[in-house]
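Residue strings, one per chain:
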Amino acid sequence: MGSVFSVSISGDTLITQGCTYIAHQAGYLRGLPNKLDDLRSALNELEAVRNDVERRVDVAEHGGNVKRLDLVQAWLTSVDDSLSEARALIEAANENNGCFCGTVERYKFGKRIVNKKGQLAELASKGVSFDVVVERLATKPATLRPSGPLVGVETQFEEIWRCLEDDHVGVIGLYGMGGVGKTTLLTEIHNKLARSTIGFDYVIWVDVKRNQTLDEVQVSIGKKLGLDEAMLASENEHDKYEDISRILNGKKFILLLDNLWERFDLLKAGVPHPNEDNGCKILFTTRSEILCGQMEAHKKIKIGCLDPDKAWELFCNKVREDAMVNHPDIIALAKSVVKECGGLPLALVTVGRAMASKKTPQEWSHAIATLQRSASEFSGMEKEVLLLLKFSYDSLPNDAIKACLLRLALHPESSEVTKGRLIGEWFWCAEGLQSDHDAVDYVHLGYDIIGTLLSTCLLEQAADDERYVRMHDVVRDMVLWVSSECRKQKNTYLVEAELGLQKVPGVGKWNNARVISLMYNKIEEITEEPVCPNLEELRLGHNSLKKIAPGFFSSMGALRVLDLSHNENLTELPLEVCQLVSLENINLEFTGIRRLPVELRKLVKLKVLDITGTSQLTVIPRHVLSSLSALRALRMASCGSTNQMQEDNVISGGNELLIDEVRQLSNLIVIDLTLRSDHAFSLFLSFKDLMICTKALCIQRLKDSTSLDIMFIEVAKNLEWLSISDCENLASLSITTQNETQNSNASGTINGCGPTIKQWPCFKKLLVIEVRRCPRLKDLTVMCFAPNLEFVEIMFCDGLEKVLATADLVGSGGETPTPFAKLRMLWLVNLPQLTSICDKTLPFPVLNKVIVLSCPRLKSLPVNSRRAEGPKIKMWTEENWWNGLQWENEATANTFATDFDTSSFFKDKSQIRL
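Residues numbered from 1 in each chain as written. Predicted model: local features only at pLDDT ≥ 70, side-chain atom pairs only at ≥ 80, totals over all residues. Heavy atoms only, no water.

Enquirer: Before we move on, could you go through the sheet that holds strand E10 (residues 468-470) and cite the residues and values that matter?
Expert: If you walk across this open sheet you meet the three strands as E8-E10-E9, and the pairing is antiparallel. The open sheet terminates on both sides in strands that have one partner only, identified here as strand E8 (416-418) and strand E9 (460-461). Along the sheet face, helix H19 (residues 419-429) touches E8, E9 and E10 and points at about 80° away from the line of E8. (Pairing = 2+ DSSP bridges. Helix = DSSP H or I, 4+ residues; strand = E, 2+ residues; numbered from the N terminus. Contact = heavy atoms within 4.5 Å. Axes fitted to C-alpha atoms, helices over the stretch in contact; angles between N-to-C directions.)

Enquirer: If you had to explain the pairing of strand E23 (residues 721-725) to someone new, which residues and values would you point to?
Expert: Among the five residues that make up E23, five are buried, leaving the element largely enclosed by the rest of the structure. Two strands pair when backbone bridges link them, and strand E21 (residues 694-700) and E23 are joined in this way by five bridges, in the parallel orientation. In the strand pairing of E23, Leu697 is matched with Leu722. Pairing geometry for E23 and strand E26 (residues 768-772), over five bridges, is parallel. (Buried < 20%, exposed > 50% of the residue type's maximum accessible area, 1.4 Å probe, protein only.)

Enquirer: Could you give an account of the packing of helix H17 (residues 381-394) against helix H21 (residues 473-483), naming the residues involved and the relevant values?
Expert: The contact between H17 and H21 brings their axes to 9 Å, and the two run at 85°. By the angle class used here, H17 and H21 are roughly perpendicular. Across the interface between the two elements, Met381, Glu382, Val385, Leu386, Leu387, Leu389, Lys390 and Tyr393 of H17 pack against Val474, Val475, Asp477, Met478, Trp481 and Val482 of H21. Classifying every residue of the contact of H17 with H21 by side-chain character gives 11 nonpolar, no polar and three charged. (Parallel < 35°, antiparallel > 145°, perpendicular 65-115°, else oblique. Nonpolar A, V, L, I, M, F, W, Y, C, P; charged D, E, K, R; others polar.)

Enquirer: Describe the pattern of salt bridges, naming the residues involved and giving the relevant values.
Expert: Taken as a whole and judged by the stated rule, the model has 33 salt bridges. Arg373 is the salt-bridge partner of Glu496, the closest N and O atoms lying 2.8 Å from each other. Here Arg373 lies in helix H16 (residues 361-373) and Glu496 lies in the loop between strand E11 (493-495) and strand E12 (515-517), a separation of 123 residues in the sequence. Assessed through its relative accessible area of 18%, Glu496 is described here as buried. Under the relative-accessibility criterion, Arg373 is labelled partly exposed at 47%. Put simply, Lys778 and Glu801 hold a salt bridge, and the shortest N to O gap is 4.0 Å. With Lys778 in the loop between E26 and strand E27 (791-795) and Glu801 in the loop between E27 and strand E28 (802-804), this residue pair connects regions lying 23 residues apart in the sequence. What makes Glu801 partly exposed here is its relative accessible area of 39%. Several salt bridges share partner residues, and in doing so they unite Arg407, Arg421, Glu425, Glu537, Arg539 and Asp563 into one network. (Salt bridge = Lys/Arg side-chain N within 4 Å of Asp/Glu carboxyl O.)

Enquirer: Residue-level account of the environment of Cys457, with values.
Expert: Among the secondary structure elements, Cys457 is positioned in the loop between helix H20 (439-455) and E9. According to the relative accessible area criterion, Cys457 is buried, its value standing at 6%. In the structure, Cys457 is positioned 171 residues away from Thr286 in sequence and 10.0 Å away in space, judged by C-alpha atoms. In contact with Cys457, not counting residues within four places along its chain, are Tyr175, Gly176, Met177 and Arg287.

Enquirer: Account for the packing of aromatic side chains, naming residues and giving values.
Expert: Applying the stated criterion across every chain, the model contains 14 aromatic pairs. Plain terms: the ring middles of Trp261 and Phe391 are 6.4 Å apart, the flat faces sit at 75° to each other, and that makes the pair edge-to-face. Here Phe391 lies in helix H17 and Trp261 lies in the loop between strand E5 (253-260) and helix H10 (266-269), a separation of 130 residues in the sequence. Ring centres of Trp510 and Phe552 lie 6.2 Å apart, and the angle between their planes is 75°; on these two criteria the pair is classed as edge-to-face. With a gap of 42 residues between them, Trp510 in the loop between E11 and E12 and Phe552 in the loop between strand E15 (547-548) and strand E16 (561-563) connect regions that are remote in the sequence. (Phe/Tyr/Trp six-rings, centres within 6.5 Å; stacked < 30°, edge-to-face > 60°.)

Shown next as structure tokens:
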């Protein structure tokens, strides 16, 4: 049978438990208003806790790269539901004023209130207990950016990567001209970072637009950090600063800024400054080297154009192979096209794409002609290349800098021009015609302008000589295009320099022309009569002009600048020129002009007249020069003259009348003079204002002087070029100080046995010294006092024994000067008694050209194996003389076996042509 289960319960216990249950249930019926108050308190408390949690979540999420915990999100959802239900209960009670019809209904409502209050309290307790409300997300990997082939910049890429791995380099600036490939290089760096495990928490790329504000840069950075775009748009600059710095502080990041145009204070943006401790990096691209300094770059890396081989490789990447193999001539033509692009990657790509479908030599020849004459007309060049480069031009600070850039654009493609010449052309053809700068001001200003153009990569330093600058061919195309107002008004600037022209081209296009440059061509005769009423500047220099027909200048009433220089066969200045009353600058240097017409005095606005090197010039009528009262620059070094004194000719005799003529020019700030007698030189020394204006001085035919005191240079403080020639009795060059007289001995050196020099004189401005046909001179030791000499030429001085006798020079402290520290060129020709260049060895740090011819007694050079690093020295000399040189030791001989370029040696004297 089944089992029996029995339970025994005490009657008292049963009664007690029943009473408790009844009392608890009855509690739901009593004190309903108090229970509603308790519910409201619990609701308010939970709302406060929820707000605190939400605030913690928002702050954390605001910092980016985090996500709220699922547990927290579930809690927030439950809180919202429970709060809604609690509010509904309170609202129901309010609607019934706390009165319910039946006991059962009242019981149920009270029970719901009590239970909801408990639920709210439990949720509030749980919310308070959250230690962590978000979790950190894994850093989002950088997205690869589209990129093209990396050609020719592999070395720079490796250098940049080494900088990224170097803890000592935090800020890196890449600079170079527009279109050179800086963005391509930066993109490759970014993509390698995206693929690598170099250890950056954030890889941030920002495209910087011109005139972009700091606030806009902050928005770009913030978006890359995952900050909400709408929130960023609504915040002020300080709020963005706090958001960005909160994320980046303590993190290792790299910020890549592409195309900076101006300095940004990234600290104000919230970006911590890179240092060795945080390991962060900032890498930016710009067109300005100056900006690299302003951004405090620890490393500046210039991105230059491609070498010819790499340029050809990039071009071939864009031109289909079948486009160049259809005809045997196309390869050579294609290489000419590549040359026109000057190694600029953007131009190579643009031109390459355009030529991909060209299959005949005629098409390729047309492309070359178009690129040479008007690159803007070549397909794609204006929109894709010139407009990009124009940004750099537009960003130049002022019109004076733009005018200087235009000066060089008027020269042939790839021309290298000295900074001094460029400054002179800029000032005397543009700026100086409208300004009141003095001679010193304009030189300093000019060098500052050239520095700006170099730093913005619109000019380039010549490869082997820092005195020269050049302009990239495509930059030149851009400047000429912009100067013609981006071709909205065509033919305002007509530049066809060094194109082999034999006649003046297309005068029918001259109607709108303002500037025409036909320099470095082969034009012999001009027969045309152009109509060009707007023409302001005409450059016909470096041609083969013999004749200019009447009528050529007749319509050029607005002409301000006329350049006829370096036309040796041009013997007459057309009288029409003297009717051009607007002329302000005439350049006739190194022409065959034989006389200046008296009608020239009509040019009362003329400010610049250059007749340098006009060796055939024999007549300048009296009162012509003095009538040109506006003259500011008169260049007439090495111009001709007639030996016989003529009362109506200022360049006759020793040029004494010339001194009287030019001293009347009150506006003069620059003059170059040739003086041909002791009397003329004495007159010159009596006019201090004239001496101060003198830049170049040729002293010739001093028949009565046996000694020349060169201390006059301290008064002629702007003298840069000194030439002394044909002084048959001149035996010494002496120095007389203010405090004491140091008489020179017969050789022209300061007497080493006499009192020592307390302070060496210093002719800082002197750059060039030429001495020719002075047979009694024994040395030229006075050159020691010109520390900045760049060029020394000594020729046909039969008695010269030493160039510098430095052993005879002793300072008050026992020191001797170190000469030729900046010498670049040294010419020693036909010096039969020369035995020594200097008593001691010299470093010659920048010497790069030496001519030694017919100096048979010179057996050694003042150099040793410790010569400072410098350029390779190119020698012009006889091979036998070189082979007979005596060196200090074998090490010196070995050093200069490589330091000297002997490719220009002459086998014998019959090869020498001076």
